[in-house]
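Close look at the chain arrangement
Below are the chains, spelled out letter by letter.
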Amino acid sequence: HVQLVESGGESVQAGGSLRLSCDISLYIYSSYCMGWFRQAPGKERAAVAAHYTGTATKYVADSVKGRFTISLGNSKTTVYLQMNSLKPEDTAMYYCAFGMYGDNWHGWSSVSTYDAWGQGTQVTVS
């Protein structure tokens with residue numbers, strides 16, 4: 001029943017930067033995974049980055065390695081995706097996702113790992 005709200009998506013020129021934010025409705029005390037996914041028209045939803053609090057492990061997709069960074073706010077009520085050196089191929093709807101640690105771990109990049117999703121925020125790079 002966790003609710004997520006993304007913000008920060010904009011139209012930006014290639015080479016520019018954006019920071020996406022995801023507000024979490026409730027402080028979570030147990031271990032969990034926060035992920036960022038994106039979906040472009042005609043393509044499947046793909047994992048971009050994730051943070052697993054149980055081991056403080058961060059994951060990034062090869063396509064954005066060195067350009068995107070995921071981070072969790074100090075209060076743990078907000079997760080960020082810092083996007084630098086944006087390319088036109090980064091254009092997509094970006095979604096924040098939440099997955100509680102337990103028996104539902106299918107890897108950080110699997111949609112099935114996550115239990116709740118935000119509404120999405122559009123990023124357009126031209």
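Preceding this paragraph is the structure being described.
Notes on the structure in this doc start here. All figures in this text were calculated on a predicted structure; none of them were measured in a lab.

Another point: the state of the cysteines. In total, this model carries one disulfide according to the counting rule given. Shown here is the disulfide that connects Cys-22 with Cys-96, its sulfur atoms set 2.2 Å apart. Here the S-S torsion is close to -85°, and the disulfide linking Cys-22 with Cys-96 is therefore left-handed. Of this pair, Cys-22 sits in strand S3 (residues 18-24) while Cys-96 sits in strand S9 (residues 92-100), placing them 74 residues apart in sequence. In this structure Cys-22 comes out as buried when scored by relative accessible area, which is 0%.

Moving on, we come to the pattern of salt bridges. Under the criterion given, the structure shown has two salt bridges. One salt bridge in this structure joins Asp-90 and Arg-38, with 2.9 Å as the shortest N-O distance. Here Asp-90 is found in the loop between strand S8 (78-83) and S9, whereas its partner Arg-38 is found in strand S4 (residues 32-39), with 52 residues between them in sequence. An identical accessibility class is assigned to Asp-90 and Arg-38; each is buried. For Arg-67, the salt bridge goes to Asp-90, with nearest N and O atoms at 2.8 Å. Linking Arg-67 in the loop between strand S6 (57-60) and strand S7 (68-72) with Asp-90 in the loop between S8 and S9, this pair joins segments that are 23 residues apart in sequence.

Next up on the list: the pairing of S8. In this sheet, S8 lies alongside S3 in antiparallel orientation, the contact comprising six bridges. Looking at the pairing, Ser-21 lines up with Tyr-80 of S8. Bridge count between S7 and S8: five bridges; the pairing is antiparallel. Pairing of Phe-68 across the sheet is with Met-83, part of S8. Linking S7 to S8, which pair antiparallel, is a turn of five residues; within it Lys-76 sits at a positive phi near 65°.

Our focus in this paragraph is the environment of Leu-18. Its place among the elements puts Leu-18 in strand S3. What makes Leu-18 buried here is its relative accessible area of 8%. Along the backbone, Leu-18 and Ala-46 are 28 residues apart, and their C-alpha atoms lie at a distance of 19 Å. In this structure, Leu-18 is in contact with Gly-8, Glu-10, Val-12, Leu-81, Gln-82, Met-83, Leu-86 and Val-123, ignoring residues within four places of it in sequence.

Right, let's talk about the sheet that holds S7 for a bit. If you trace the four strands from one edge of the open sheet to the other, you get S1-S3-S8-S7, paired in antiparallel fashion. At either margin of the open sheet sits one strand with a lone partner, and together these are strand S1 (4-7) and S7. Neighbour to neighbour, the strand axes of the sheet diverge by 15° on average, direction disregarded.

A few words now on the nonpolar core. In terms of nonpolar packing, the biggest core is built from 36 residues, with Leu-4, Met-34, Trp-36, Leu-81, Met-83 and Tyr-94 touching the most fellow members. Among the secondary structure elements, those contributing two or more residues to this core are S3, S4, strand S5 (46-52), S7, S8, S9 and strand S11 (121-125). Sequence-distant contacts of Met-83, that is, excluding residues within four places in its chain, are made with Gly-16, Ser-17, Leu-18, Leu-20, Arg-67, Phe-68, Tyr-94 and Val-123.

What counts and what doesn't
- Residues numbered from 1 in each chain as written.
- Predicted model: local features only at pLDDT ≥ 70, side-chain atom pairs only at ≥ 80, totals over all residues.
- Heavy atoms only, no water.
- Disulfide = S-S within 2.5 Å.
- Helix = DSSP H or I, 4+ residues; strand = E, 2+ residues; numbered from the N terminus.
- Buried < 20%, exposed > 50% of the residue type's maximum accessible area, 1.4 Å probe, protein only.
- Salt bridge = Lys/Arg side-chain N within 4 Å of Asp/Glu carboxyl O.
- Pairing = 2+ DSSP bridges.
- Contact = heavy atoms within 4.5 Å.
- Axes fitted to C-alpha atoms, helices over the stretch in contact; angles between N-to-C directions.
- Core = buried A, V, L, I, M, F, W, Y, C linked by side-chain atoms within 4.5 Å.

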